[in-house]
Protein chains: 2
Amino acid sequence: MHKYIISIDLGGTNTRITLTDLSLRIKARTSFPTRNFSSSRKILISEIIKEVFRLLKDNSIKKTQILGLGIGVPGPVDFLKGKIYYLPNIKGWQNTPIRDILEKRLHFKVFVDNDVNLMTLAEARLGAAKDRKNAVCLTLGTGVGGGLILDGELFRGTSFCAGEIGHMPINISGPRCNCGGSACLERYVGNKYILAEAKKKLKMRNINLEKLSEMAESGNKIARNIYNNFASNIGVALAGVVNLLNPEVIVVGGGLSFAGDFIFTKIKETINKRAIPIQAGLVKVKKAMLGKDAGLIGAALLVKESKLKTNV
Amino acid sequence: MHKYIISIDLGGTNTRITLTDLSLRIKARTSFPTRNFSSSRKILISEIIKEVFRLLKDNSIKKTQILGLGIGVPGPVDFLKGKIYYLPNIKGWQNTPIRDILEKRLHFKVFVDNDVNLMTLAEARLGAAKDRKNAVCLTLGTGVGGGLILDGELFRGTSFCAGEIGHMPINISGPRCNCGGSACLERYVGNKYILAEAKKKLKMRNINLEKLSEMAESGNKIARNIYNNFASNIGVALAGVVNLLNPEVIVVGGGLSFAGDFIFTKIKETINKRAIPIQAGLVKVKKAMLGKDAGLIGAALLVKESKLKTNV
């Protein structure tokens, strides 16, 4: 009877919705610019629900054929209660019981998690960390996120906020971070800090990440140096993670991971230099495999695995 | 039939052996200075076996009454194979299959783990982290060790070397550490580094930790400042651990944790300042409760819990 899963990736820029079968093959998809509907929480939720119903109708699928809906959101989530603590980049979502709201309107099972956790789950089941028991995921972008697979399962921590590699301090003292802390990894390797450094050191006003990585690839020493520092700072934080968690693999995804393979080499080099030999020798650093759909695949996996567990 | 457990704490200074009942009440104990027998691995193992047999004989206990033996060692252990990787402070123990060696000579079940893991297990079952699902233990001393309880169980990592909080970098660059890395927490808060700083700043040649903490307690500003820096550096590393693992409680033990409650206040203050509010607000920082016997209690728990699992 249950033949399909609905996945939603609620992003700061776009909200994407897919319909997959139980083997996670994508049957249909739709999306809309989040900002067009983000003036209030109510409007955004209505748009999501409207699009879900449209997706079902357009594909002649009945509600009873839906196993469940998984939604990933860009902020911390109380996984047990299905409640969003807050969304740093979308206003008005503090303490939103998104699971209950959606279940009431849709009448099928809803599961909510942080978007980086879902990307981590996807990479662990079908991507770069497939069949690995202990894996760490790191996503590079405006924010620097992380997720943990420990003993084969997503590790969420006591209030479901574990995995914040981007907010591990890499210096005793340093610049203030948006999170309230200081000298956090994100404060050194987040997109805007890299670009600010590039503007200053290259004396260019209009530089973007594509241009910067082109310059690095084609041998510009200053650009290359910016990337080397960037990768080395990531390596310092990851050396701490490697010594603490002794993972088999670290999966790195997000914009800057596409700047070139030398970044991965430099990250691994730094881990080898800074982490204890047993732990450093074991761990592999890999590029994320599933790209932009990772979060949607993870949302579908969340539904599928939750269902498997409740059937036991 | 099985009524007793033997626990061994193989330490750099003393090797201690206890006989407990299955409720972990200590029935008898013995010990010897490790250095008197550490000229070779063979001599040390023979002494351990001799003392175990003597303990059984003195208490009129038969081998068949022993549920098993747990041994904690000061270094990394391959828990699955029961093999010591190496002991940083006792020569000649590389790749010692200690479980097999002891089982062959003693004819009862043997379990081996790292001493900090066993202390962590003891604090999680009977001490400061009792009934907590996610707990982090930190031990302060010559070395700075750590152990993790995640989802209620000891988390050992892929090659069983997880938990090395002492070797998380707290600066992008900094002094070389014994582990091969640099700017590790231990390099700032290990006993000898604290004493070196105290000697320099207080201009005293013969200072020890007891004297230093007396001076801090009685209001000496320089001594107090040394401890404040010490606690704040621990707080920086723990802020990273709190953001990464979202634990309920952090248990701090070992020599310097006895310097005064202001150290715990300062550690928590630093975590509050540096970690994300949700994670920081939740976590408690507590003093270890079980003292020097923690490792022995943990060794007994390891035997007891392993037995419970194999009986399922």
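Thresholds applied
Residues numbered from 1 in each chain as written. Chains lettered and ligands numbered in written order. Predicted model: local features only at pLDDT ≥ 70, side-chain atom pairs only at ≥ 80, totals over all residues. Helix = DSSP H or I, 4+ residues; strand = E, 2+ residues; numbered from the N terminus. Rg over C-alpha atoms; globule rule 2.2 N^0.38 Å. Buried ≥ 20, exposed ≤ 12 C-beta atoms within 10 Å, placed from the backbone. Contact = placed C-beta atoms within 7 Å. Pairing = 2+ DSSP bridges. Nonpolar A, V, L, I, M, F, W, Y, C, P; charged D, E, K, R; others polar. Domains from an automatic or database assignment. Least-squares fit on C-alpha atoms with pLDDT ≥ 70 in both. Axes fitted to C-alpha atoms, helices over the stretch in contact; angles between N-to-C directions. Parallel < 35°, antiparallel > 145°, perpendicular 65-115°, else oblique. Left-handed = near helix turned anticlockwise from the far one by under 90°. pLDDT = per-residue confidence, 0-100.

## Regarding the overall build of chain A
Along its length, chain A carries ten helices and twelve strands. Taken over the C-alpha trace, chain A has a radius of gyration of 20 Å; the compact-globule value for 312 residues is 20 Å, and the two agree within 12%. Projected onto the principal axes, the alpha-carbon positions of chain A cover approximately 60 × 45 × 35 Å. Looking at chain A as a whole, 51% of its 312 residues qualify as buried. Taking contacts inside chain A between residues at least 6 apart in sequence as the whole, the part at least 24 apart equals 63%.

## So, the pairing of strand 9 (residues 145-150) of chain A
Sheet faces and side chains relate simply in a regular strand, where the side chains alternate between the two faces. Residue and element names in this part refer to chain A. Most of strand 9 sits out of view: six of its six residues are buried. A two-sided burial pattern is seen for strand 9, the buried positions comprising Gly145, Gly147 and Ile149 on one face and Gly146, Leu148 and Leu150 on the other. In this sheet, strand 9 lies alongside strand 8 (residues 135-140) in antiparallel orientation, the contact comprising five bridges. If you follow leucine 138 over to strand 9, its bridge partner there is glycine 146. Here strand 8 folds back onto strand 9, and the loop between the two strands holds four residues. Here strand 9 folds back onto strand 10 (residues 153-154), and the loop between the two strands holds two residues, one of which, aspartate 151, carries a positive phi near 45°.

## A short note on the interface of chain A and chain B
On the chain B side, the residues contacting the 42 residues of chain A number 42 residues. Listing elements by their share of the side of chain A that touches chain B, those giving two or more residues are helix 7 (221-245) and helix 9 (277-282) of chain A. Considering each element in turn, the side of chain A that touches chain B owes the most residues, eight residues, to helix 7 of chain A. For the side of chain A that touches chain B, the residue count by class is 23 nonpolar, 15 polar and four charged.

## Points about the domain arrangement of chain A
Residues and elements named next belong to chain A. Domain boundaries in chain A define domain 1 (4-118 + 292-311) and domain 2 (130-289). Taken together, the contact pairs eight residues of domain 1 with 13 residues of domain 2. Here the side of domain 1 that touches domain 2 is built from residues that sort into six nonpolar, one polar and one charged.

## Concerning the relation of the copies chain A and chain B
Superposing chain A onto chain B takes a rotation of 180° combined with a translation of 0.0 Å along the rotation axis, leaving an RMSD of 0.0 Å. What we have between these two chains is a two-fold relation. The C-alpha atom lying nearest the rotation axis in chain A is that of asparagine 171 of chain A; the distance is 2.0 Å. Comparing contact sets, 100% of the residues at the interface of chain A also lie at the interface in chain B, consistent with an isologous, same-surface contact.

## Describing the sheet that holds strand 11 (residues 249-254) of chain A
All names here are of chain A. With mixed pairing, the five strands of this open sheet are ordered in space as 10-9-8-11-12. The two strands at the open ends of the sheet, each matched to only one other strand, are strand 10 and strand 12 (284-287). Set on the sheet, helix 3 (residues 115-126) makes contact with strand 8, strand 9, strand 10 and strand 11; between it and strand 9 the angle comes to about 45°.

## Looking at the packing of helix 5 (residues 191-202) of chain B against helix 7 (residues 221-245) of chain B
Residue and element names in this part refer to chain B. Look at helix 5 against helix 7: their axes get within 10 Å of each other, and the N-to-C directions meet at 150°. In terms of their interaxial angle, helix 5 and helix 7 are classed as roughly antiparallel. In the crossing of helix 5 with helix 7, the sense of the turn from one axis to the other is right-handed. Side by side, helix 5 and helix 7 meet where Ile194, Glu197, Ala198, Lys201 and Leu202 of the first sit next to Ile222, Ala223, Ile226 and Phe230 of the second.

## Overview of the environment of glutamate 164 of chain A
Position of glutamate 164 of chain A among the secondary structure elements: in the loop between strand 10 and helix 4 (186-189). Classification of glutamate 164 of chain A as buried rests on a count of 31 C-beta atoms within 10 Å. In this structure the C-alpha to C-alpha distance between glutamate 164 of chain A and glycine 145 of chain A, which are 19 residues apart in sequence, comes to 5.9 Å. Residue contacts for glutamate 164 of chain A: discarding those within four places in its chain leaves Gly146 of chain A together with Asn243, Leu244 and Ile276 of chain B.

## Details of the sheet that holds strand 7 (residues 110-114) of chain B
Residues and elements named next belong to chain B. Sheet architecture is open: five strands sit in the order 3-2-1-4-7, paired in mixed fashion. Both edges of this open sheet fall to strand 3 (26-33) and strand 7, since each of them pairs with a single strand only. The mean inter-strand angle of the sheet, taken between neighbouring strand axes irrespective of direction, is 15°. Pairing of strand 1 (residues 4-10) with strand 2 (residues 14-21) involves seven bridges; the strand directions are antiparallel. Residue pairing across strands places isoleucine 5 opposite threonine 20, the latter belonging to strand 2.

## Describing the confidence of the model for chain A
Mean pLDDT over chain A works out to 95, with 98% of the residues at or above the 70 mark. Both confidence scores are given for the complex: pTM 0.96, ipTM 0.96.

## Quick look at unusual backbone geometry
Outside of glycine, negative phi angles account for most residues, and trans bonds account for most peptide bonds. In this structure, lysine 203 of chain A is a non-glycine residue whose phi angle is positive, near 50°. Here the phi dihedral of histidine 107 of chain B falls at roughly 60°; this positive angle occurs in a residue that is not glycine. By the element assignment, histidine 107 of chain B lies in the loop between helix 2 (98-106) and strand 7. Of the residues examined, histidine 107 of chain B has 11 C-beta atoms within 10 Å and is grouped as exposed.

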